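One-letter residues, chain by chain:
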Amino acid sequence: MKMAKRTTILLYLSCLAFLVVLTVWVVEFQVRGYLGRPGFLRMHLFYWLTNALLAGITVAWLARMVRHSRAKERVLAEANRELNEAQERIKKLICLAEEEQSFGFRFENPNLVKCYELKNCDRVSCPVYGKGATRCWQVVGTHCLNRQNASWLDKMRNCPECIVYQKACPDKFTELAEDFNNMMAMLQRKAEELATLRRQAVVAERRAIAGEIAAGLAHEINNPLDGLKNCILRIRKNPSNTVQTAQYLDLMMEALTRIEKVMAQLLDLTRGYQYHFAKTNLNRLLDSTLTLLNMKGRAQGVAIHKAYDPSLPQVEGDATSLQQVFLNLELNALAAMPQGGTLLVKTYADGNAGNGEHHVHVEIKDTGRGIPPENMDKIFNPFFTTKEPGTGTGLGLSISRNIVEEHKGEIWAESQVGVGTAFTVRLPVRQ
Ligand code: ADP
């Protein structure tokens, strides 16, 4: 094809050159006055014939070019139409995935084939063997080419060369749709990895909080233990006084219940991570966090005030993770008041008249050192801490914000250096 084109151009150029020479010749003849001499007519005829031949070649060449460009235009238009169609269908797929709010959404490909059947493969230990028509290019560790493909990236590079992939993608649209599927699978995998990391971070932070309050709790447990000992000593002294014994037994029961409660709360903090949404009474939940912190607060000279709204509506929440949020805010407040101060824990409800939504607010306010304005934008960033190395992870507030957002709520801080800080958690009554 290329060869024929080059020959035509060469022929055309040689004719053109020949014509130029001939024209020069004719002009020279005319200038020298050879007109009418023998041979002039023959030469003139030859000149016009060459001209006609050249014109013919030019016309044929132009006609061929026009034909060619028309055919090209047709092919291009067809390709454009196919591309537009594919684009529209891909757009639809993206919209559907967005509507479903899931990375699990896939284009159903009717051309999928069973790789082990197509390739006569009998490696039964391969992860796709016997699994029907799967997208083997999305499965890591398949035994293709007598080696286990290590990574996904490896597969993404090699699989399009494979007959299984090519059978599944017979046209451009299916290939594009499978690219979309691959992208969704990759995003799903990343989202799962992120969720696992978040879960691990929440658990690690919860354990750190438990560790921080465990020392203070020793006192919280020792007090009721002392009370128990006293009761036993008194009962021993006067065992026949049944009225007194009954009173002491009640006190002992109270002390044991207190120890049991504190231990249960501590254990809750070290448990694994799994959201269980249920109707939750925030006043009660806050009380349980303050039980754990009482001793630490007292030791630091911090007075704890509660200002609960007694008619606070219950929220749909996960008690353990909300407890983690409040404990973290209270521990931060205590850390900001090393020389003592006041910790106010307040709850109140609001009914937003505009859209009829109801929210509850939990405010945890201290009279500590406050947060400098330049740090206000950073405190919710992971790993931001102003605490001494080894004492703060810088994850508490960022995890707290994640937990609050999982509850469709909001958390914010207001602070003034030297005056104190107030953190507010706002949760919807119904999610
Ligand atoms: P950590 O407590 O491990 O430092 P956080 O994410 O809980 O991590 O807190 C980040 C930073 O926010 C703290 O290091 C501190 O500088 C600041 N901060 C949080 N709460 C308060 C508070 N009540 N008063 C003053 N600073 C605070």
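All values reported here derive from a predicted model rather than from experimental measurement.

Quick notes on the rules
- Residues numbered from 1 in each chain as written.
- Predicted model: local features only at pLDDT ≥ 70, side-chain atom pairs only at ≥ 80, totals over all residues.
- Heavy atoms only, no water.
- Helix = DSSP H or I, 4+ residues; strand = E, 2+ residues; numbered from the N terminus.
- Buried < 20%, exposed > 50% of the residue type's maximum accessible area, 1.4 Å probe, protein only.
- Contact = heavy atoms within 4.5 Å.
- Areas by Shrake-Rupley, 256 points an atom, 1.4 Å probe, with all protein chains shown as cover.
- Expected span 1.5 Å × (residues − 1).
- Bend = angle between axes of the 7 residues up to and from the residue.
- Polar contact = N/O pair within 3.5 Å; in protein donor to acceptor, adjacent residues only side chain to side chain.
- Axes fitted to C-alpha atoms, helices over the stretch in contact; angles between N-to-C directions.
- Left-handed = near helix turned anticlockwise from the far one by under 90°.
- Nonpolar A, V, L, I, M, F, W, Y, C, P; charged D, E, K, R; others polar.
- 1 Å grid on protein atoms, 1.4 Å probe; cavity = no way out; pocket = protein on both sides within 12 Å on 5 of 7 lines; lining within 4 Å.
- Points joined across faces, edges and corners; volume = space filled by probe spheres on them.
- Phe/Tyr/Trp six-rings, centres within 6.5 Å; stacked < 30°, edge-to-face > 60°.

Enquirer: Summarise the overall build of the chain; cite the residues concerned and give the values.
Expert: Counting its secondary structure elements, the chain contains ten helices and seven strands. Here the chain holds 431 residues, and 35% of them are scored as buried. Considering only contacts within the chain whose residues lie at least 6 apart along the sequence, 69% involve residues at least 24 apart. Carbon and sulfur atoms make up 58% of the accessible area of the chain, which amounts to about 26,600 Å² in all.

Enquirer: Could you give an account of helix H8 (residues 282-300), naming the residues involved and the relevant values?
Expert: Over its 19 residues, H8 extends 26 Å from the first C-alpha to the last, a length consistent with the 27 Å expected when each residue adds 1.5 Å. If you look at H8, its biggest bend is around 50 degrees, right at Leu 293. Within the span of H8, buried status applies to Leu 282, Asn 283, Leu 285, Leu 286, Ser 288, Thr 289, Leu 290, Thr 291, Leu 292, Leu 293, Met 295 and Gly 297. Put simply, Asn 281 is the residue that caps the front of H8, since its side-chain oxygen is 3.0 Å from the backbone nitrogen of Asn 283. Just beyond H8, the residue with positive phi is Gly 301, at close to 75 degrees.

Enquirer: Tell me about the packing of helix H9 (residues 319-335) against helix H10 (residues 396-406), and name the residues and values.
Expert: Between H9 and H10, whose axes approach to 9 Å, the crossing angle comes to 145 degrees. Crossing angle aside, the handedness with which H9 passes H10 is left-handed. Of the residues in H10, those touching H9 at Ser 321, Leu 322, Gln 324, Val 325, Asn 328, Leu 329 and Asn 332 are Gly 396, Leu 397, Ile 399, Ser 400, Ile 403 and Val 404. Across the contact of H9 with H10, the residue classes tally to seven nonpolar, six polar and no charged.

Enquirer: Help me get a handle on the layout of surface pockets, residues and values and all.
Expert: Put simply, the largest pocket is a space of about 740 Å³. Along the wall of the largest pocket there are 32 residues; nearest its centre are Asn 332, Thr 385, Thr 386, Lys 387 and Leu 397. Listing elements by their share of the lining of the largest pocket, those giving two or more residues are helix H6 (172-237), H9, H10 and strand S7 (420-428). Among the residues forming the lining of the largest pocket, the class breakdown is 14 nonpolar, 13 polar and five charged. Estimated volume of the second largest pocket: approximately 380 Å³. Taken together, 17 residues line the second largest pocket, and the ones lying closest to its centre are Leu 194, Ala 195, Arg 198, Arg 199 and Asn 402. Elements that contribute at least two residues to the lining of the second largest pocket include exactly H6 and H10. In terms of residue class, the lining of the second largest pocket is made up of twelve nonpolar, two polar and three charged.

Enquirer: Kindly report on the packing of aromatic side chains, identifying the contributing residues and their values.
Expert: If you walk through the whole model with that rule in mind, you get four aromatic pairs. A centroid spacing of 5.0 Å and a plane angle of 45 degrees characterise the contact between Tyr 116 and Tyr 129, whose relative ring orientation is tilted. Of this pair, Tyr 116 sits in helix H3 (residues 115-118) while Tyr 129 is found in the loop between H3 and helix H4 (152-158), placing the two residues 13 residues apart along the sequence. Summarising the aromatic geometry, the rings of Trp 137 and Tyr 165 are spaced 4.8 Å apart at their centres and angled 75 degrees between planes, so their arrangement reads as edge-to-face. Placement of Trp 137 in the loop between H3 and H4 and of Tyr 165 in helix H5 (residues 163-168) is noted, with a sequence separation of 28 residues between them.

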